[in-house]
Amino acid sequence: MACVGGSSSSLLLINSRSKQSSLRLPLYRSTRQVAITVRAESMATEKLGIKVEKNPPESKLSQLGVRQWPKWGCPPSKFPWTYESKETCYVLKGKVKVSPDGTNDFVEFGAGDLVEFPKGMSCTWDVSVAVDKHYKFD
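Bear in mind that the values here come from a model prediction, so they are computed numbers and not experimental data.

Undergrad: Help me understand the side chain of Glu 53 in this model?
TA: Its place among the elements puts Glu 53 in strand β6 (residues 50–54). Polar contacts involving the side chain of Glu 53 include one to the side chain of Lys 60, which spans 2.6 Å.

Quick look at the structure:
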């Protein structure tokens, strides 16, 4: 979604896809209020076998039961990790770069992201901002 232009009485939005969560933006014209409903896009990507969904809707988090999952956190640090099972986590705070073994590339994610790591992945976590997350192993 992009805000292409606007004035005191109008706003032009382009929305490539609509998703579940919405945002109401009031626009004022003289003495009456005009409201436009904008659907926020939840963007999911996969890179190096790691799936990241930026800002998933609360309805999805509730459906998955994320708030009932255990929590884990760590201070800024760098360490190796191997996933013996698939892990899905929801990052409450922090910022991380994960580099799968055998690559010189990384996947970066942080607060508000829903992330899935495949079973068998070995990688290095580089935590630049202390992390707090809910997690679930399958």
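Undergrad: Teacher, can you tell me more about the confidence of the model for the chain here?
TA: In low-pLDDT segments, the atomic positions of the prediction should not be examined closely. Across the chain, the average pLDDT comes to 82, with 70% of residues at or above 70. For the stretch residues 1–25, pLDDT sits under 50, and the model shows 56 contacts to residues farther than four places along the chain or on other chains.

Undergrad: Looking at this structure, how should I read the layout of surface pockets?
TA: Which parts of space are left empty comes out when a probe the size of a water molecule is rolled across the atoms. Considering only enclosed or pocket space, the largest pocket measures out at about 190 Å³ in volume. Surrounding the largest pocket, 15 residues form its lining, Lys 60, Leu 64, Thr 88, Leu 114 and Glu 116 being those nearest its centre. Mapped by element, the contributors of at least two residues to the lining of the largest pocket are β5 (43–47), β6, α1 (58–64) and β11 (113–117).

Undergrad: Sorry, what's going on with the packing of aromatic side chains here?
TA: Under the defined criterion, the tally for this structure stands at nine aromatic pairs. Each ring, one from Trp 72 and one from Trp 125, has its centre 6.0 Å from the other, and the planes form 85°; the classification is edge-to-face. Placement of Trp 72 in strand β7 (residues 71–74) and of Trp 125 in strand β12 (residues 122–137) is noted, with a sequence separation of 53 residues between them. Measuring from centroid to centroid gives 5.8 Å for Phe 109 and Trp 125, while their planes differ by 85°, and the two rings are edge-to-face.

Undergrad: What is the right way to look at the pattern of salt bridges in this model?
TA: Opposite charge on two side chains permits pairing when their charged atoms draw close. The final tally for this structure, using the stated rule, is eleven salt bridges. Glu 58 is the salt-bridge partner of Arg 67, the closest N and O atoms lying 3.0 Å from each other. Among the residues examined, Arg 67 registers a relative accessible area of 41% and is labelled partly exposed. Taking relative accessible area as the criterion, Glu 58 reaches 42% and is therefore assigned partly exposed. Between Asp 138 and Lys 86 there is a salt bridge; the shortest N-O distance is 3.3 Å. Placement of Asp 138 in the segment after β12 and of Lys 86 in the loop between β8 (77–82) and β9 (87–100) is noted, with a sequence separation of 52 residues between them.

About the thresholds
Residues numbered from 1 in each chain as written. Predicted model: local features only at pLDDT ≥ 70, side-chain atom pairs only at ≥ 80, totals over all residues. Heavy atoms only, no water. Helix = DSSP H or I, 4+ residues; strand = E, 2+ residues; numbered from the N terminus. Polar contact = N/O pair within 3.5 Å; in protein donor to acceptor, adjacent residues only side chain to side chain. pLDDT = per-residue confidence, 0-100. Contact = heavy atoms within 4.5 Å. 1 Å grid on protein atoms, 1.4 Å probe; cavity = no way out; pocket = protein on both sides within 12 Å on 5 of 7 lines; lining within 4 Å. Points joined across faces, edges and corners; volume = space filled by probe spheres on them. Phe/Tyr/Trp six-rings, centres within 6.5 Å; stacked < 30°, edge-to-face > 60°. Salt bridge = Lys/Arg side-chain N within 4 Å of Asp/Glu carboxyl O. Buried < 20%, exposed > 50% of the residue type's maximum accessible area, 1.4 Å probe, protein only.

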